[in-house]
Amino acid sequence: MRAPPRAAAAFQTEVPMSKLSRLILLPLAALFALLPLSACTEEKEDDVTLIRVNEVTHSVFYAPMYLADSLGYFEEENIEIELTNGGGADKVMAAVLSGDADIGFCGPEAAIYVLLGGTTDVPTVFGQLTRRDGSFLVSRTDEPDFSWEDLAGKEVLAGRKGGVPAMTFEYILKEHGIQDKVTLNYDVAFNLMTGAFESGVADYCTMFEPTASEYEAAGKGYVVAAVGEASGEVPYTAYIAKRSWLDDNTETAEGFLRAVMRAIDFAENEPAMTVAQYLLPHFPSTSQESLAVSVESYRKISAWQPDMTLSEESFNRLQDIIGSAGELPERADYQALVDNSFAQRVAAALQ
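About the cut-offs
Residues numbered from 1 in each chain as written. Predicted model: local features only at pLDDT ≥ 70, side-chain atom pairs only at ≥ 80, totals over all residues. Heavy atoms only, no water. Axes fitted to C-alpha atoms, helices over the stretch in contact; angles between N-to-C directions. Helix = DSSP H or I, 4+ residues; strand = E, 2+ residues; numbered from the N terminus. Parallel < 35°, antiparallel > 145°, perpendicular 65-115°, else oblique. Left-handed = near helix turned anticlockwise from the far one by under 90°. Contact = heavy atoms within 4.5 Å. Nonpolar A, V, L, I, M, F, W, Y, C, P; charged D, E, K, R; others polar. Buried < 20%, exposed > 50% of the residue type's maximum accessible area, 1.4 Å probe, protein only. Pairing = 2+ DSSP bridges. 1 Å grid on protein atoms, 1.4 Å probe; cavity = no way out; pocket = protein on both sides within 12 Å on 5 of 7 lines; lining within 4 Å. Points joined across faces, edges and corners; volume = space filled by probe spheres on them. Salt bridge = Lys/Arg side-chain N within 4 Å of Asp/Glu carboxyl O. Core = buried A, V, L, I, M, F, W, Y, C linked by side-chain atoms within 4.5 Å. Phe/Tyr/Trp six-rings, centres within 6.5 Å; stacked < 30°, edge-to-face > 60°.

Visitor: Can you help me understand the packing of helix 12 (residues 250-269) against helix 17 (residues 341-350) in this one?
Guide: Relative orientation and spacing of two packed helices are given, respectively, by the angle between their axes and the distance between those axes. Running from amino to carboxyl end, helix 12 crosses helix 17 at an angle of 55°, the nearest separation of the two axes being 9 Å. Here helix 12 is positioned oblique relative to helix 17, judged by the angle of their axes. Along this stretch, helix 12 crosses helix 17, giving a crossing that reads as right-handed. From helix 12, Thr250, Ala253, Glu254, Leu257, Arg258, Met261 and Arg262 reach across to helix 17, where they touch Phe342, Ala343, Arg345, Val346, Ala347 and Leu350. Per-class residue counts for the contact of helix 12 with helix 17 are 8 nonpolar, 1 polar and 4 charged.

In structure tokens, the structure reads:
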């Protein structure tokens, strides 16, 4: 085992204002594909390669990526990560298409929208990290025998309409035949849902970890179901890069996936408190105990994809979910958007 976690100075949690000013909405994102990269992947001193990664949000759900840094796995690949928070999948994809980021980390649906919009440099999914929805359903009352049919006649805070969390929840309700019997509240912003629920809005609220377990530990509510278990496997978050970047940086992309894949194995097999210790540099305001509970929660639902490939079956389920919500004008071609060859080579070498 390595020494205690080192500080992850290379990771940032906010997008610099100079970059924010250049991020635009997806309707214009396809235009960026026609522009030259504003800055290619940088070669730093001692052959260390800087990779700019823009993540959709900062969450324990994505623990393996942070572990790869704290455990020194990126360093062993001669990679340094500059991590910025895009604050939404559309912003992440715009950053990738404009060249402000080398790799985008968000839901594949963002790439689907760009592909269907037309582009000369396809945003390609080359590695999947999470394979389920990472939220948990929290009730105001203890319901040890909860069933989804119990939501009939109730109000649920489930996220932004058109967002994958909300669409996944809608999909589950339709699977149980109660979509017309449940009121979904789309009016509260994602980062304000917990506060709204605590103030008395709705009967249930979806929460990610560590918020869900901390909320329950504080006696404010009860976790009654894992949304990811009910929805089945869905490519929830993945690594996406322009095809041109992948062609020019094949070894770097594989080194990146190798570091994250090793971290997935660590997250799945080491004691939860040990895993939490290495997450602390990235979540300094969260206790080690709470992080350990979160790790256990995500292990129980098999949240992470061990070989980081994205199957056609799960890709089609994602499109089923989006289409069911009326947000998909046409189906995307799996082969045009997903390239598993990087992850397959890495996984084979690590066996």
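Visitor: For this particular structure, what's the right way to read helix 6 (residues 109-117)?
Guide: Count 3.6 residues to each turn of an α-helix, and residues three or four apart come out pointing the same way. Listed as buried for helix 6 are Glu109, Ala110, Ala111, Ile112, Val114 and Leu115. One or two positions beyond helix 6, positive phi appears at Gly118, with a value near 95°.

Visitor: Just to check I follow, could you spell out the pairing of strand 2 (residues 49-55) for this structure?
Guide: Consecutive side chains of a regular strand alternate in pointing toward one face of the sheet and then the other. Counting buried positions along strand 2 yields 7 of 7 residues, so the element is predominantly enclosed. Here strand 2 shows a buried face lined by Thr49, Ile51, Val53 and Glu55 and a second buried face lined by Leu50, Arg52 and Asn54. As paired elements, strand 2 and strand 3 (residues 79-85) share 7 bridges and run parallel to each other. Residue pairing for strand 3: Arg52 is matched across the bridge by Glu82.

Visitor: How should the layout of surface pockets be read in this particular structure?
Guide: Take a probe with the size of a water molecule and roll it over the atoms, and the empty space left behind shows itself. Reported here for the largest pocket is a volume of approximately 1300 Å³. Along its surface, the largest pocket is lined by 46 residues, and Val56, Thr57, Pro165, Phe190 and Phe208 are the ones closest to its centre. At the level of secondary structure, the elements contributing two or more residues to the lining of the largest pocket comprise helix 5 (89-98), helix 6, helix 7 (164-175), helix 8 (193-198), strand 9 (204-208) and helix 9 (211-217). Taken together, the residues of the lining of the largest pocket sort by class into 21 nonpolar, 19 polar and 6 charged.

Visitor: Looking at this structure, I do not really get the pattern of salt bridges. What am I missing?
Guide: Pairing between side chains becomes possible if they bear opposite charge and their charged atoms approach one another. Summed over all chains, the structure comprises 14 salt bridges. Put simply, Lys161 and Glu170 hold a salt bridge, and the shortest N to O gap is 3.9 Å. Connected via shared salt-bridge partners are Arg243, Asp247 and Asp339.

Visitor: I keep staring at the nonpolar core and nothing clicks. Help me out?
Guide: Nonpolar side chains in soluble globular proteins tend to end up buried together. In this structure, Val53, Leu67, Phe126, Tyr239, Phe256, Leu257 and Leu279 are the most contacted members of the largest nonpolar core, which totals 96 residues. Considering each element in turn, this core owes the most residues, 10 residues, to helix 12. Once residues within four sequence positions are removed from consideration, Leu279 is found in contact with Val60, Ala63, Tyr66, Leu67, Leu291 and Val295. Listed in part, the 16 residues of the second largest apolar core include Trp148, Leu151, Ile178 and Ala225.

Visitor: Got a minute to help me understand the packing of helix 3 (residues 63-70) against helix 12 in this structure?
Guide: Two elements in contact, helix 3 and helix 12, have axes whose closest approach is 8 Å; the angle formed by their N-to-C orientations is 105°. Between helix 3 and helix 12, the interaxial angle falls into the category roughly perpendicular. Taking contact as the criterion, the partners of Pro64, Leu67 and Ala68 in helix 3 are, on helix 12, Ala259, Val260, Ala263, Ile264, Phe266 and Ala267. Split by residue class, the contact of helix 3 with helix 12 holds 9 nonpolar, no polar and no charged.

Visitor: So what exactly am I meant to see when it comes to the packing of aromatic side chains here?
Guide: In this description, a pair of aromatic rings is defined by centroid distance and the angle of the planes. Counted by the stated rule, this structure contains 20 aromatic pairs. Aromatic side chains Phe105 and Tyr239 sit 4.6 Å apart centroid to centroid with 25° between the ring planes, which places their arrangement in the stacked category. Placement of Phe105 in strand 4 (residues 103-106) and of Tyr239 in strand 11 (residues 237-242) is noted, with a sequence separation of 134 residues between them. Residue classification places Phe105 among the buried positions, given a relative accessible area of 0%. You can call Tyr239 buried: its relative accessible area is 0%. Centroid distance Phe208 to Tyr236: 6.5 Å. Interplanar angle 45°. Geometry classified as tilted.

Visitor: Any chance you could explain the sheet that holds strand 9 here in plain terms?
Guide: Strand pairs in the sheet, formed through backbone hydrogen bonds, run parallel or antiparallel to each other. Taking strand neighbours across the sheet as the criterion, the 5 strands line up as 8-7-9-6-10 in an open arrangement whose pairing is mixed. Each of the sheet's edge strands pairs with one partner strand only, and the pair in question is strand 8 (183-185) and strand 10 (222-226). Strand-to-strand twist across the sheet, computed as the mean angle between neighbouring axes with direction ignored, equals 30°. Where strand 7 (residues 155-157) and strand 8 come together, 3 bridges link them in parallel fashion. Paired with Glu155 across the two strands is Thr183, which belongs to strand 8. Of the strands in this sheet, strand 6 (135-139), strand 7, strand 8 and strand 9 touch helix 7, which is tilted by about 175° from strand 8.

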